[in-house]
Amino acid sequence: MLREKKIRKSKRGNKIKIVFISLLFVLLASVFILPCNAISIDETDNVNASEFAVSQNGAENHAQTASYIQGLTLAQDSNGRWYCCLNDTFYENYQGLVEYCGEWYYVSSGYVDWSYTGVVQNEATGEWYYVKNGMVDWTYTGFFEFRNTYYYVIAGQVDFTVDTLIQDSYGVWYYVRNGAVAFDFSGLVFYNNIFYYVENGVLNWNANTLAYYNNSWWYVENGEVDYTYTGFFNYNGTWYYVQNGTIDFNLSVLIFDGSNWYCVSKGAVDFNYTGVLYYQGSFRYVLNGVLNDGITTLVMYNGNWWYVTNGKVDYTYNGFFAFEGYEYYIVNGMVDFNYNDLVHMGNDSWQYVRSGIKANDYTGIVYFNGNWWYVVDGVVNKTVTTIAEY
């Protein structure tokens with residue numbers, strides 16, 4: 001009987017030891033192994049969150065991360081701090097995102113950094129995410145300024161494939177390229193079947209200008225290409241002719257603006273041009289790029305000199321015209337530089353023409369219509385009796 005009591009007492013003592021060890025194990029496990037519930041900054045006193053991160057020492061526009069390691073998780077120490085662990089061991093050197101209970105947390109130097117707000121790369125997927133107060137914010141869609149770059153976030157993720165116009169909450173439209181506002185870009189952006197003008201990354205509704213796109217220049221009015229516009233437009237000191245919203249650089253013609261006719265050459269008014277242009281069946285005279293209907297003059301075109309009256313070449317004119325100190329002989333509107341003969345001036349007056357110009361410096365004999373005529377100072381003199389050398 002005594003032996004049986006000893007055995008029973010020994011068994012009872014073993015049970016007490018087992019219960020004590022089990023309680024100790026549960027107590028220790030409660031420090032490191034917790035239920036899988038999403039954690040928040042309320043569970044730690046180490047909070048220093050801000051809406052926008054500030055660049056430090058010229059750092060890059062994103063957090064540097066270590067290579068992602070399978071099996072990383074989070075645990076909470078006895079002080080309430082959440083840390084990164086691998087194989088139940090504190091992973092002090094890790095920096096990056098860690099998934100825990102379906103959420104992603106930003107870890108720096110091994111601990112969840114609740115003060116961090118910025119963009120971070122998930123090494124597991126290669127994607128970039130928007131982190132706010134240490135957690136990826138899956139609810140956020142919009143712009144985020146981080147270290148002088150405006151990223152566009154869609155449902156918590158930076159979409160680097162975005163290439164379009166996007167409006168912010170203040171009504172401002174930005175051009176987003178490769179996931180961020182392209183402040184270095186000025187030009188046209190196609191959006192909803194309309195070309196809009198972007199200046200330094202922002203849609204400029206006040207823009208009235210010309211813009212280059214796809215090897216063409218386009219007319220922009222009130223921030224968008226106006227395909228209905230036809231007319232002149234001054235751009236950087238040059239007057240261009242716009243037709244249906246674009247410039248035709250092959251166009252060389254006279255164009256009326258409502259008050260004057262202008263000489264358009266290669267799509268722009270050529271104020272340096274003075275001469276004739278063929279337009280609607282006749283040659284018109286242009287002076288300094290503008291049609292001059294009141295002028296009578298001689299003008300060279302295509303190697304010949306032409307007689308212009310009232311701004312047009314007059315093909316019916318035959319006679320003389322004084323120009324720059326000489327009197328030229330004109331036949332059918334053109335100076336005939338091959339003409340070397342007498343010209344009847346009316347009544348009984350005859351003028352000697354040499355190489356298409358009145359030869360007022362010539363005195364001598366001229367053969368005309370089978371006779372030799374004596375000329376004095378370019379004019380036939382029928383009263384003189386003399387001996388002439390020829």
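Conventions used here
Residues numbered from 1 in each chain as written. Predicted model: local features only at pLDDT ≥ 70, side-chain atom pairs only at ≥ 80, totals over all residues. Heavy atoms only, no water. Helix = DSSP H or I, 4+ residues; strand = E, 2+ residues; numbered from the N terminus. Contact = heavy atoms within 4.5 Å. Areas by Shrake-Rupley, 256 points an atom, 1.4 Å probe, with all protein chains shown as cover. Buried < 20%, exposed > 50% of the residue type's maximum accessible area, 1.4 Å probe, protein only. Core = buried A, V, L, I, M, F, W, Y, C linked by side-chain atoms within 4.5 Å. Pairing = 2+ DSSP bridges. Salt bridge = Lys/Arg side-chain N within 4 Å of Asp/Glu carboxyl O. Phe/Tyr/Trp six-rings, centres within 6.5 Å; stacked < 30°, edge-to-face > 60°. Patch = residues over 30% accessible without salt bridge, like charges linked within 9 Å, V, L, I, M, F, W, Y side chains within 5 Å. Disulfide = S-S within 2.5 Å. pLDDT = per-residue confidence, 0-100. Lys, Arg positive; Asp, Glu negative; His and termini not counted.

A.B. asks: Describe the overall build of the protein chain, naming the residues involved and giving the relevant values.
C.D. replies: For the protein chain, the helix and strand inventory stands at 1 helix and 42 strands. Contacts spanning at least 24 positions in sequence make up 38% of the contacts within the protein chain whose residues lie at least 6 apart. Counting every atom, the protein chain has about 23300 Å² of accessible surface; 49% of that belongs to carbon and sulfur.

A.B. asks: An account of the side chain of threonine 297 is needed here, citing residue identities and associated values.
C.D. replies: Tracing the backbone shows threonine 297 in strand S31 (residues 297-301). Given a relative accessible area of 9%, threonine 297 falls into the buried group. If near-sequence neighbours (up to four positions away) are discounted, threonine 297 is found in contact with Tyr285, Trp306, Tyr307, Val308, Phe321 and Phe323.

A.B. asks: Please give an account of the nonpolar core that cites residues and values.
C.D. replies: Counting residues in each nonpolar core, the largest one holds 17 residues, and the members touching the most others are Leu97 and Val131. Elements that contribute at least two residues to this core include exactly strand S5 (103-108), strand S7 (118-121), strand S8 (128-132), strand S10 (142-146) and strand S11 (149-154). Looking at this core, the element that brings in the most residues is S8, giving 4 residues. Sequence-distant contacts of valine 131, defined by excluding residues within four places in its chain, comprise Leu97, Tyr106, Tyr116, Thr117, Gly118, Val120 and Val136. Judged by nonpolar contacts, the second largest core, of 12 residues, contains Cys84, Val107, Trp114 and Met135.

A.B. asks: Provide a residue-level description of the pairing of strand S41 (residues 371-376), including the pertinent values.
C.D. replies: For strand S40 (residues 364-368) and S41, the ladder comprises 5 bridges, and the chain directions are antiparallel. From the neighbouring strand, glycine 364 faces S41, where its bridge partner is valine 375. Where S40 folds back on S41, the antiparallel hairpin that results is connected by 2 residues, among which asparagine 369 adopts a positive phi of roughly 55°. Two successive antiparallel strands, S41 and strand S42 (residues 379-380), enclose a turn made up of 2 residues, where aspartate 377 displays a positive phi of approximately 55°.

A.B. asks: Account for unusual backbone geometry, naming residues and giving values.
C.D. replies: When glycine is set aside, most residues are seen to have a negative phi, and most peptide bonds are trans. Even without being a glycine, asparagine 347 presents a positive backbone phi close to 55°. Along the chain, the position of asparagine 347 falls in the loop between strand S37 (341-346) and strand S38 (349-354). Backbone geometry at asparagine 369 places phi at a positive 55°, although glycine is not the residue there. Mapped onto the secondary structure, asparagine 369 falls in the loop between S40 and S41. Taking the relative accessible area as the measure of exposure, asparagine 369 reaches 64% and is therefore exposed.

A.B. asks: Talk me through the pattern of salt bridges; I want residue IDs and the actual numbers.
C.D. replies: Under the counting rule described, the total for this entry stands at 5 salt bridges. In this structure, aspartate 361 engages arginine 354 in a salt bridge whose closest nitrogen and oxygen atoms are separated by 2.8 Å.

A.B. asks: Now, about the packing of aromatic side chains: what can you tell me, with residues and values included?
C.D. replies: Inspection of every chain in the model, using the stated rule, returns 46 aromatic pairs. Between tyrosine 175 and phenylalanine 185, the aromatic rings sit 4.9 Å apart at their centres with planes inclined by 50°, giving tilted as the arrangement. Separated by 10 residues along the polypeptide, tyrosine 175 in strand S14 (residues 173-177) and phenylalanine 185 in the loop between strand S15 (180-181) and strand S16 (187-191) bring together distant segments of the chain. Each member of the pair, tyrosine 175 together with phenylalanine 185, is buried. Judged by centre distance (6.3 Å) and plane angle (80°), the ring pair of tyrosine 262 and phenylalanine 271 falls under edge-to-face.

A.B. asks: Quick rundown of a nonpolar patch on the surface? Include the residues and the values.
C.D. replies: There is a patch of nonpolar side chains on the surface, built from Tyr367, Trp372 and Tyr390 and spanning about 440 Å² of accessible area. Given a relative accessible area of 47%, tyrosine 367 falls into the partly exposed group.

A.B. asks: Describe the environment of alanine 180, with residues and values.
C.D. replies: Structurally, alanine 180 can be placed in strand S15. A residue is classified by how much of its surface remains accessible, and alanine 180, at 13% relative accessible area, is buried. Each C-alpha atom of the pair alanine 180 and threonine 149 lies 6.9 Å from the other, and the pair is 31 residues apart in sequence. Among all residues touching alanine 180, those that are not within four sequence positions of it are Thr149, Tyr150, Tyr151 and Tyr175.

A.B. asks: Got a sec to walk through the state of the cysteines? Specific residues and values, please.
C.D. replies: In total, this model carries 0 disulfides according to the counting rule given. Take cysteine 84: it sits in no disulfide, and the sulfur closest to it among the cysteines is that of cysteine 85, at 6.4 Å. Residue classification places cysteine 84 among the buried residues on the basis of a relative accessible area of 0%. You can call cysteine 85 buried: its relative accessible area is 6%.

A.B. asks: Now, about the confidence of the model for the protein chain: what can you tell me, with residues and values included?
C.D. replies: For the protein chain, the mean per-residue pLDDT works out to 84, and 83% of the residues sit at or above 70. Taken together, the stretch residues 42-62 has pLDDT below 50 and engages in 38 contacts with residues farther than four places along the chain or on a different chain.

A.B. asks: Would you mind going over the side chain of aspartate 314 in detail, with residue names and values included?
C.D. replies: You can see aspartate 314 is positioned in the loop between strand S33 (312-313) and strand S34 (319-323). No salt bridge is formed by the buried aspartate 314, whose closest oppositely charged neighbour, lysine 312, lies at an N-O distance of 10 Å. In this structure aspartate 314 touches Tyr307, Thr309, Asn332 and Gly333, once residues within four positions along its chain are discounted.

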